[in-house]
2 protein chains.
Amino acid sequence: MSGWLKIVGLGPGSDQLVTPEVSVVLAEATDVVGYVPYVERVAPRAGLVRHGSDNREEIQRAEQALMMAAEGRRVAVVSSGDPGVFAMASAVFEALEAGDAHWRSLDVQVLPGISAMLAASASVGAPLGHDFCCINLSDNLKPWALIEKRLRLAAEADFAMAFYNPRSRARPEGFARTLEVLLDACGPERLIVFARAVSTPDEVIRVTTLGEATPEMADMRTLVIVGSSQTRRIERQNSEQNEPWVYTPRSVGAKSQASTSSAV
Amino acid sequence: MSGWLKIVGLGPGSDQLVTPEVSVVLAEATDVVGYVPYVERVAPRAGLVRHGSDNREEIQRAEQALMMAAEGRRVAVVSSGDPGVFAMASAVFEALEAGDAHWRSLDVQVLPGISAMLAASASVGAPLGHDFCCINLSDNLKPWALIEKRLRLAAEADFAMAFYNPRSRARPEGFARTLEVLLDACGPERLIVFARAVSTPDEVIRVTTLGEATPEMADMRTLVIVGSSQTRRIERQNSEQNEPWVYTPRSVGAKSQASTSSAV
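Residues numbered from 1 in each chain as written. Chains lettered and ligands numbered in written order. Predicted model: local features only at pLDDT ≥ 70, side-chain atom pairs only at ≥ 80, totals over all residues. Heavy atoms only, no water.

With an unreviewed UniProt entry as reference, chain A is termed Precorrin-3 methyltransferase, source organism Vreelandella subterranea. Recorded in UniProt for chain A, the comment headed Pathway (unreviewed entry) runs: "Cofactor biosynthesis; adenosylcobalamin biosynthesis." (UniProt positions renumbered as here; feature names shortened; annotations may be inferred.)

Below is the structure:
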């Protein structure tokens with residue numbers, strides 16, 4: 001069987017952030033499967049069928065992709081950002097595990113992409129330069145109580161935090177509650193970054209504090225980063241760039257002055 | 001002034017994981033600065049000076065890069081993976097904040113890369129497909145007590161966990177202690193992935209459990225991922241691939257059967 005299923009990340013938006021290996025897969029695929037706006041990022045060409053579906057059909061989409069790969073087609077399942085971070089990779093493995101035993105012999109691979117989290121961090125400096133966590137604030141797939149527990153434990157651990165899906169019309173209250181919990185746990189001076197539509201023409205970066213932040217500063221296209229207690233801002237002397245740089249030092253406590261490395 | 005400083009991620013090893021925007025920067029740079037093995041990943045060419053330095057000289061390296069950019073040179077500071085995750089970006093901003101006030105007017109940008117964490121996750125499936133945290137296990141730059149506190153809180157939050165710098169000759173005991181803490185907090189059945197030298201010819205992926213894991217399974221080239229309580233394994237029916245897939249479902253608890261999306 002010559003078919004395959006590759007679950008690929010298109011990055012946050014710019015073609016300049018699509019990896020060469022993903023571009024090769026998109027050029028070799030017979031079918032591209034995904035949420036409509038992501039499928040539309042793949043240019044039409046002869047021999048390529050684009051299968052766009054709605055944002056609430058991950059499992060059906062995954063099953064369709066597995067079936068086509070089993071039929072010998074070369075199928076690319078596309079996600080924005082990285083496919084393994086709150087995207088299609090987990091949905092495909094859920095469908096694979098629950099489905100036809102023969103699917104376990106398929107050539108299924110995940111190809112990483114530049115995640116919204118990493119692109120947002122880079123856009124302001126390096127707020128994720130020390131230990132951090134990454135939480136999906138949507139309670140579509142988990143109880144809100146678990147999200148709130150994780151927020152409080154993450155604050156106690158003094159992690160920087162990256163938040164996906166902070167807010168939607170269907171869930172206007174969750175992010176307001178998130179800000180309340182973090183203000184209580186981290187205080188009003190804690191830095192927060194709102195990175196909207198990073199790497200696209202619509203990109204807007206806003207740096208403020210928990211004391212100044214409001215729920216309206218985020219929407220579903222916004223990646224939110226809250227710093228740790230160590231996260232700092234540096235004002236730029238550059239008229240073109242109004243927002244400061246934000247970074248988290250590599251060191252904590254008594255070792256703050258160390259210049260030794262822990263870079264991989 | 002035409003100089004600039006761009007802190008770029010080379011990805012985990014394969015040229016196929018270097019983003020186009022980073023390739024452009026490397027082609028335009030007059031100087032490449034970084035840890036010797038990373039600088040050596042940039043091919044020599046006329047007009048390019050490669051400045052390789054040791055792994056314990058981040059701040060001096062950052063100052064050198066800032067000085068050259070201030071002199072009008074086009075400087076690329078290179079890290080493996082993503083420059084904002086336990087790499088050079090934070091070191092550059094530490095040096096910038098502590099240094100010459102004029103450095104704050106420089107054109108300093110961070111360009112993201114495929115992090116070892118994302119590449120390791122993709123190599124086995126999607127273990128980071130739900131909420132997770134990322135911890136640097138080196139205690140060169142923070143007290144060990146803080147690392148252990150974060151491990152216990154991360155287990156309590158039921159995060160999947162990605163660990164950088166698990167082990168070195170200088171710190172043989174830290175990772176052994178990490179495994180003890182996690183075995184106590186998460187139990188012997190919890191899945192753990194050892195992903196060594198991902199995307200390079202030396203790549204070795206090993207999937208086991210905390211009950212079976214030993215410190216020797218990791219070295220400084222290994223990215224370690226410990227699953228959450230929800231993380232699952234799927235045995236492949238594929239002789240070429242002996243290791244199972246590992247993934248974390250998108251859903252938790254009562255909402256496990258939901259097929260609604262929280263993908264960005």
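**Regarding the overall build of chain A**
Counting its regular elements, chain A contains seven helices and 13 strands. Computed over C-alpha atoms, the radius of gyration of chain A comes to 20 Å, within 12% of the 18 Å expected from 2.2 N^0.38 for 264 residues, which places it in the range of a compact globule. In terms of overall dimensions, chain A has C-alpha extents of about 60 × 40 × 35 Å along its principal axes. Counting over 264 residues, chain A shows a buried share of 63%. A sequence separation of at least 24 residues applies to 66% of the contacts in chain A between residues at least 6 apart. As presented, chain A carries roughly 9600 Å² of accessible surface, and 48% of it is formed by carbon and sulfur atoms. If you average the places of the 26 positive and of the 32 negative side-chain charges in chain A, the two averages end up 2 Å apart. (Helix = DSSP H or I, 4+ residues; strand = E, 2+ residues; numbered from the N terminus. Rg over C-alpha atoms; globule rule 2.2 N^0.38 Å. Buried < 20%, exposed > 50% of the residue type's maximum accessible area, 1.4 Å probe, protein only. Contact = heavy atoms within 4.5 Å. Areas by Shrake-Rupley, 256 points an atom, 1.4 Å probe, with all protein chains shown as cover. Lys, Arg positive; Asp, Glu negative; His and termini not counted. Charge placed at Lys NZ, Arg CZ, Asp CG, Glu CD.)

**Topic: the sheet that holds strand E13 (residues 245-247) of chain A**
If you walk across this open sheet you meet the three strands as E6-E13-E12 (chain A), and the pairing is mixed. Among the strands making up the open sheet, the edge pair consists of strand E6 (125-126) and strand E12 (232-234) of chain A. As paired strands, E6(A) and E13(A) are joined by two bridges and run parallel to one another. Across the sheet, the residue bridging to A:Ala126 is A:Tyr247, located in E13(A). Most of the contacts of helix H4 (residues 88-98) of chain B go to E13(A), to which it runs at about 120°, and overall it touches E6, E12 and E13 of chain A. (Pairing = 2+ DSSP bridges. Axes fitted to C-alpha atoms, helices over the stretch in contact; angles between N-to-C directions.)

**Quick word on the relation of the copies chain A and chain B**
Expressed as a screw transformation, the operator carrying chain A onto chain B has a rotation angle of 180° and an axial translation of 0.0 Å, and the superposed copies differ by an RMSD of 0.0 Å. Accordingly, the operation relating the two chain copies is best matched by a two-fold axis. Measuring from the rotation axis to each C-alpha of chain A, the shortest distance belongs to A:Cys133, at 1.9 Å. Of the interface residues in chain A, 100% have counterparts in chain B that sit at the interface too, so the contact is made through matching surfaces. (Least-squares fit on C-alpha atoms with pLDDT ≥ 70 in both.)

**What about the UniProt feature "domain: Tetrapyrrole methylase" (unreviewed entry) in chain A?**
Within the UniProt annotation, "domain: Tetrapyrrole methylase" (unreviewed entry) is assigned to residues 7-213 of chain A. Secondary structure over residues 7-213 of chain A splits into 36% helix and 23% strand, and the C-alpha atoms at its two ends are 36 Å apart.

**A closer look at helix H7 (residues 172-186) of chain A**
All names here are of chain A. The end-to-end C-alpha separation of H7 is 22 Å, in line with the 21 Å expected for 15 residues at 1.5 Å each. Residues Gly174, Phe175, Thr178, Leu179, Val181, Leu182 and Cys186 constitute the buried set of H7. Along the long axis of H7, the arc covered by the buried residues comes to 165°, so they all point the same way. On the buried face of H7, the contacting elements are helix H6 (144-156), strand E8 (160-164), strand E9 (191-196) and strand E11 (222-226). (Expected span 1.5 Å × (residues − 1). Arc of directions from axis to C-beta.)

**As for the interface of chain A and chain B**
At the interface, 92 residues of chain A touch 92 residues of chain B. Summed over both partners, the interface of chain A with chain B comes to about 8500 Å²; 56% of that surface belongs to carbon and sulfur atoms. At the surface where chain A touches chain B, the tally comes to eight salt bridges. If you look at where chain A meets chain B, you find 32 residue pairs in polar contact (both at pLDDT 80 or more). (Buried area = accessible area lost by both parts, 1.4 Å probe. Salt bridge = Lys/Arg side-chain N within 4 Å of Asp/Glu carboxyl O. Polar contact = N/O pair within 3.5 Å; in protein donor to acceptor, adjacent residues only side chain to side chain.)

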